[in-house]
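# Structure assessment
Read off the chains here:
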Amino acid sequence: MTLHGTDLRAESPTVPALPSLKNYVGGRFVEGGRPFEVRNPATGEIHALVHEADAAIVDAAVAAAEAALKGDWGHMPLAKRRHMLNAIADGIEARFDDFLEAEIADTGKPYSLAHHLDIPRGAANFRVFADVVAGLATETFEQDTPDGGKALNYAVRKPLGVVGIISPWNLPLLLMTWKAAPAMACGNAVVVKPSEETPSTTTLLGEVMSAVGLPDGAFNVVHGFGPDSAGELLTRHPGVRAITFTGETRTGKEIMTAAAANVKALSFELGGKNAAIVFADADLDAAVSGLARAVFLNTGQVCLAPERIYVERPVLDAFVDGLKKKAEALKPGLPHDDSVDFGPLISDEHREKVLGYYQLAVDEGATVITGGGTPTLEGPAAGGYFVEPTIWTGLAHDSRTCREEIFGPVCAVIPFDTEEEVVRLANDSDYGLASSVWTSNLSRAHRVGQAMEVGISWVNCWFLRDLRTPFGGVKMSGIGREGGVHSIDFYSEPSNICIKL
Ligand code: NAD
């Protein structure tokens, strides 16, 4: 991997060289204030040092973005902008292995997962939005005027201006580009603040932007944390017109407060406590396989993962047995081991949180069907932040374990008896991101699928995404929709022109 920058420890002969990640501002890599460390969660070892952006760097990034909007980037014809987005996708693919290694080092996730999901989707996001902006239509109305004449109204889409992107650590490149690509496709200039846990692929993307000749300042990266750091500086910055954020609901509330000062537009993809429902008429093998993937993919660190699974009583035991077998077949370990399909949690701190819920569930009366602790691993993985895939039964629907987002490889299985009852239970949540219903009854599939109070309701599947469809949550899971034209609706401002004829 060739990350741009010098080694912050290069002056010490006793400390091994580590890549250092700089801020990317106005097309140049710039150093920051105090450095912070990034650990590989699969081993616990420090693998990179990062230059934290201070207020001067955030100011410079916003100024560079404003200058880009007034300069080459702002004046770039749509066809050339689309060409640029496709070139960025090509650039990611040309350095696929660098992105892959960077993502794996930051997240510890299995090689196969990053290879099939994170990096290809990072590139695909730019291609998809290059296409979406090609076919945009706007409204036109001819209006009768009071004097008996006519007026013609038509809307044009304009960029918002400088867009701040604040992204999480679970699918770092995928979720960041899911915002950067449509924002740039609409002609905005962006300042990205990646998660402090996973800064590497965003930094690499800066190198790609330079390599493809993106006008300076159209894409900027500032590194750091949330409060009292780059995240908060961005959300409070008067030059930033919009914040698009994916992360915890609690953080979303803080950003909302900070962004109120100059009434920034907000797009929020927040937390979830997703429900799955398995009816007795479902294809049980498919439900077990599908939901095992849903609960344990990326070690449960997927916002869409179900942590509550309601199972109709006649198939409860068979479902739990099947899910248990799947959980126990998962192999934890290092990312490059081909036999490994289960990675670590992102950090020691997050592992402590998840293990806290493992204990809480027991305190709340759970029967631990499998897992509930940490695996014993040897070699470098012994220092990693692994936990066991875990299944509980016996928890009350209204226990804290069943109401709060855990964000780990874990689910509570809860029996139900009637459709009416399970719809009520599934919807009884502060969150409303996604659901997954399993049934072979067509009418029920539509009825229950539509009754779910969520933004994304899957039936007989999970995580199946057409990138043109609306994506987002209701209740405390988010504000707004991303995907296809829904992203365009956020990242552009329709302005109406009214001409008296
Ligand atoms: P987080 O909220 O802790 O951090 C996300 C980002 O916000 C990071 O870059 C962080 O530095 C920054 N941040 C933190 N406090 C801030 C502040 N006060 N001001 C500005 N920025 C701040 O989230 P996380 O732990 O990185 O990610 C996990 C969470 O993300 C889970 O709750 C998960 O459900 C959610 N998530 C949601 C979706 C979705 O599409 N709805 C997708 C992925 C993850």
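Okay, so let's go over this structure. This one's a predicted model, so the numbers in the text were calculated from it and none came from an experiment.

Our next topic: the overall build of the protein chain. Helix and strand content of the protein chain: 16 helices and 23 strands. Whereas a compact globule of 501 residues would reach a radius of gyration of roughly 23 Å, the protein chain reaches 24 Å, a difference of no more than 12%. C-alpha atoms of the protein chain, sized along the principal axes, occupy 80 × 70 × 40 Å. Taken across its 501 residues, the protein chain has 58% of its residues classed as buried.

So, about the nonpolar core. Ile 88, Phe 126, Met 184, Leu 205, Phe 219, Leu 304 and Ile 309 are the most contacted members of the largest nonpolar core, which has 117 residues in total. Counting residues per element, this core draws most heavily on helix α6 (residues 172-185), at ten residues. Discounting residues that sit within four places of it in the chain, Leu 205 has contacts with Ile 88, Ile 92, Phe 99, Phe 126, Met 176, Thr 177 and Phe 219.

If you trace the seven strands from one edge of the open sheet to the other, you get β15-β16-β17-β14-β13-β19-β20, paired in mixed fashion. A single partner strand is all that each edge strand has here, and the edge strands are β15 (367-370) and β20 (456-459). The average angle at which neighbouring strand axes cross in this sheet is 25 degrees, direction not considered. Here strand β13 (residues 274-278) runs beside strand β14 (residues 306-312); their pairing, made up of five bridges, is parallel. Residue pairing for β14: Asn 274 is matched across the bridge by Pro 306.

A separate point is the packing of aromatic side chains. The description of an aromatic ring pair uses the distance of the two centres, along with the angle that the planes make with each other. Scanning the entire structure with this criterion turns up eleven aromatic pairs. For the ring pair Trp 169 and Phe 407, a centre distance of 5.4 Å and an interplane angle of 70 degrees mean the geometry is edge-to-face. Here Phe 407 lies in the loop between α13 (400-403) and β17 (410-416) and Trp 169 lies in the loop between β8 (162-166) and α6, a separation of 238 residues in the sequence. Take Trp 169 and Phe 407: they sit in the same class, and that class is buried. An aromatic cluster is present here, built from Tyr 24, Phe 29 and Phe 219 joined pairwise through their rings.

If you check the shell around the ligand, you find 31 residues, and the closest are Lys 193, Glu 196, Thr 251, Leu 270 and Glu 405. Within the side chain of Lys 193, an N or O atom sits 2.6 Å from an oxygen atom of the ligand. Compared with its free state, where it exposes 840 Å², the ligand has 93% of that area covered by protein. Elements supplying a minimum of two residues to the shell around the ligand: α8 (230-236), β11 (242-246) and α9 (249-259). When grouped by side-chain class, the residues that make up the shell around the ligand number 14 nonpolar, ten polar and seven charged. Both domain 1 (56-270 + 478-500) and domain 2 (274-466) contribute no fewer than three residues apiece to the shell around the ligand.

Quick look at the sheet that holds strand β4 (residues 35-40) now. Here we have three strands laid out as an open sheet, ordered β1-β5-β4, and mixed in their pairing. Taken across any chain shown, the strands that pair with only one partner, and hence form the sheet edges, are β1 (20-21) and β4. Judged from the six bridges that link them, β4 and strand β5 (residues 45-51) form a sheet pairing that is antiparallel. Bridge assignment links Arg 39 to a residue of β5, and that residue is Ile 46. Together, β4 and β5 form the strand contacts of helix α4 (residues 96-107), whose direction differs from that of β4 by roughly 90 degrees.

With seven of seven residues buried, β14 lies mostly within the body of the structure. With five bridges joining them, β14 and β17 adopt parallel strand pairing. Residue Val 311 lies in a different strand from β17, and its bridge partner there is Pro 415.

Attention shifts here to the packing of α6 against helix α7 (residues 200-211). Where α6 contacts α7, the two axes come as close as 10 Å, and the packing angle between them is 40 degrees. Classified by the angle between their axes, α6 and α7 sit oblique to one another. Contact residues: Pro 172, Leu 173, Met 176, Thr 177 and Met 184 in α6; Thr 201, Thr 202, Leu 205 and Met 209 in α7. For the contact of α6 with α7, a count of residues per class yields six nonpolar, three polar and no charged.

About the cut-offs
Residues numbered from 1 in each chain as written. Predicted model: local features only at pLDDT ≥ 70, side-chain atom pairs only at ≥ 80, totals over all residues. Heavy atoms only, no water. Helix = DSSP H or I, 4+ residues; strand = E, 2+ residues; numbered from the N terminus. Rg over C-alpha atoms; globule rule 2.2 N^0.38 Å. Buried < 20%, exposed > 50% of the residue type's maximum accessible area, 1.4 Å probe, protein only. Core = buried A, V, L, I, M, F, W, Y, C linked by side-chain atoms within 4.5 Å. Contact = heavy atoms within 4.5 Å. Pairing = 2+ DSSP bridges. Axes fitted to C-alpha atoms, helices over the stretch in contact; angles between N-to-C directions. Phe/Tyr/Trp six-rings, centres within 6.5 Å; stacked < 30°, edge-to-face > 60°. Near = heavy atom within 4 Å. Polar contact = N/O pair within 3.5 Å; in protein donor to acceptor, adjacent residues only side chain to side chain. Areas by Shrake-Rupley, 256 points an atom, 1.4 Å probe, with all protein chains shown as cover. Nonpolar A, V, L, I, M, F, W, Y, C, P; charged D, E, K, R; others polar. Domains from an automatic or database assignment. Parallel < 35°, antiparallel > 145°, perpendicular 65-115°, else oblique.

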